[in-house]
Amino acid sequence: MSDFNSLRTMMVDTQIRPSDVTKYPIIEAMLTIPRENFVPDALRGAAYAGAPIELAENRVMFEPRTLAKTLEVLDIRSDDAVLVLGAGLGYSAAVIAHFAEFVVALEEDEALAGEAEKNLSEQGADNVAVLTGALTEGDARHGPYDAIIVEGAVQDVPARLTDQLKDGGRIAVIFAQGDMGALRIGHRIGNRIDWRLAFNAAAPVLPGFQKKAEFVF
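What counts and what doesn't
- Residues numbered from 1 in each chain as written.
- Predicted model: local features only at pLDDT ≥ 70, side-chain atom pairs only at ≥ 80, totals over all residues.
- Heavy atoms only, no water.
- Helix = DSSP H or I, 4+ residues; strand = E, 2+ residues; numbered from the N terminus.
- Expected span 1.5 Å × (residues − 1).
- Buried < 20%, exposed > 50% of the residue type's maximum accessible area, 1.4 Å probe, protein only.
- Arc of directions from axis to C-beta.
- Contact = heavy atoms within 4.5 Å.
- Salt bridge = Lys/Arg side-chain N within 4 Å of Asp/Glu carboxyl O.
- Phe/Tyr/Trp six-rings, centres within 6.5 Å; stacked < 30°, edge-to-face > 60°.
- Lys NZ or Arg CZ within 6 Å of the ring centre and 35° of its normal.
- Pairing = 2+ DSSP bridges.
- Axes fitted to C-alpha atoms, helices over the stretch in contact; angles between N-to-C directions.
- 1 Å grid on protein atoms, 1.4 Å probe; cavity = no way out; pocket = protein on both sides within 12 Å on 5 of 7 lines; lining within 4 Å.
- Points joined across faces, edges and corners; volume = space filled by probe spheres on them.
- Nonpolar A, V, L, I, M, F, W, Y, C, P; charged D, E, K, R; others polar.
- Polar contact = N/O pair within 3.5 Å; in protein donor to acceptor, adjacent residues only side chain to side chain.
- Parallel < 35°, antiparallel > 145°, perpendicular 65-115°, else oblique.
- Left-handed = near helix turned anticlockwise from the far one by under 90°.

Draft legend 1. Local environment of helix α5 (residues 110–123). A rise of 1.5 Å per residue sets the reference length of α5, with its 14 residues, at 20 Å; its end C-alpha atoms lie 20 Å apart and thus fit the reference within 8%. What α5 keeps buried is the set L112, A113, A116, N119 and L120. What you see down the axis of α5 is that its buried residues fit within an arc of 130 degrees, all on one side. Opposite the packed face of α5, turned more than 90 degrees from it, sit the exposed residues E110, A111, S121 and E122. The inward-facing, buried residues of α5 abut β1 (53–56), β2 (59–61), α4 (91–97), β4 (102–107) and β5 (128–132). Downstream of α5 by a residue or two, G124 has a phi angle that is positive, lying close to 80 degrees.

Draft legend 2. A look at the pattern of salt bridges. Enumeration over the complete set of coordinates arrives at 12 salt bridges. K23 is the partner of D75 in a salt bridge, and the nearest nitrogen-oxygen pair spans 4.0 Å. In this pair, D75 sits in the loop between α3 (64–74) and β3 (81–85) while K23 sits in the loop between α1 (4–16) and α2 (24–32), placing the two residues 52 residues apart along the sequence. Across the salt bridge formed by K118 and E122, the nearest N and O atoms sit 3.9 Å from each other. Residue K118 and its partner E122 are both found in helix α5; the two are separated by four residues, about one turn of the helix. Overlapping salt bridges bring together K23, E72, D75 and R77 as one network.

Draft legend 3. Geometry of the packing of aromatic side chains. Using the criterion set out here, one finds three aromatic pairs in the structure. Between R35 and the ring centre of Y91, over which it is positioned, the NZ or CZ distance is 4.9 Å. Above the plane of the ring of F199 lies K69, whose end atom (NZ or CZ) is 4.9 Å from the centre.

Draft legend 4. Seen up close, the sheet that holds strand β9 (residues 192–200). With mixed pairing, seven strands are arranged side by side in an open sheet as β5-β4-β3-β6-β7-β8-β9. The outermost strands of the open sheet, each flanked by one partner alone, are β5 and β9. On average, adjacent strands in this sheet sit at an angle of 20 degrees to one another, irrespective of strand direction. Note: β4 against β5, five bridges, orientation parallel. If you follow V104 over to β5, its bridge partner there is A129. Contacts from α5 reach β4 and β5 within the one sheet, and its direction differs from that of β5 by about 165 degrees.

Draft legend 5. Seen up close, the layout of surface pockets. Volume-wise, the largest pocket comes out at about 160 Å³. What lines the largest pocket is E36, N37, F38, V39, P40, D41, R44, L89, E115, K118, N119 and E122. Its residues placed into classes, the lining of the largest pocket shows four nonpolar, two polar and six charged.

Draft legend 6. Geometry of empty space enclosed by the protein. The tally for this structure, following the rule as stated, stands at one cavity of 30 Å³ or more. Grouping the constituent residues of the lining of the largest cavity by class yields six nonpolar, three polar and one charged.

Draft legend 7. Focus on the side chain of D80. Looking at where D80 falls in the secondary structure, it is placed in the loop between α3 and β3. A distance of 3.0 Å separates the side chain of D80 from the side chain of R170, its partner in a polar contact. Once you skip the residues sitting within four places of it in the chain, D80 turns out to touch D75, A100, E101, F102, D146 and R170.

Draft legend 8. Region of interest: the environment of G186. Position of G186 among the secondary structure elements: in strand β8 (residues 180–189). Note on G186: relative accessible area 0%, which makes it buried. Note: C-alpha distance between G186 and L55 (131 residues apart in sequence) is 27 Å.

Draft legend 9. Representation of the packing of α1 against α3 in the model. Packing of α1 against α3 leaves a shortest axis separation of 10 Å and a crossing angle of 70 degrees. What the angle tells us is that α1 and α3 run roughly perpendicular. The interaxial crossing formed by α1 with α3 has right-handed handedness. In contact with M11, Q15 and I16 of α1, α3 contributes P64, R65 and A68.

In short, geometric facts, not functional conclusions.
Printed below as a string of structure tokens:
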């Protein structure tokens, strides 16, 4: 049987701290949240490996480094409302809930959403609402949000998602570039989004987030 507490500490010491993640709330959350309880049962032994974990077709759980670096640059504060798009089995929502005020975990796969709700309830994350719905629609009912994180890659970001940000809000998205990708942070300034490159990262493109083909005469 794996010593998950030791593996969790090793994950933080070898994957998180060396990746320029310095915000204590992120480190504390990742030392505290039992990641092994948020992966498919057959993959519990790989919960702390430095690789994505497959959840369903074209759906992965970010590797610890990518999640931690994303949260570092997203700069979530204790009074922030956060939308997680593609919440999977709930791990990122559990981590964010550790230091944000409120989290909406949106998942369109009903089986994943059901498991996420159970996992988060067992974790005692009572400031997370798990909702089922189309990821491309977001969840305007509980917005606007201070921060949005997309757990997967995109080729295009619908304006209706960035419209759910408060003025001054931030969105973290991996833009697919062939087999590679780049995580960018978008800051909402009035009616526009100011994007900047944060770091290189890759993930499968989420269903519905492919770039629309342009019609050519």
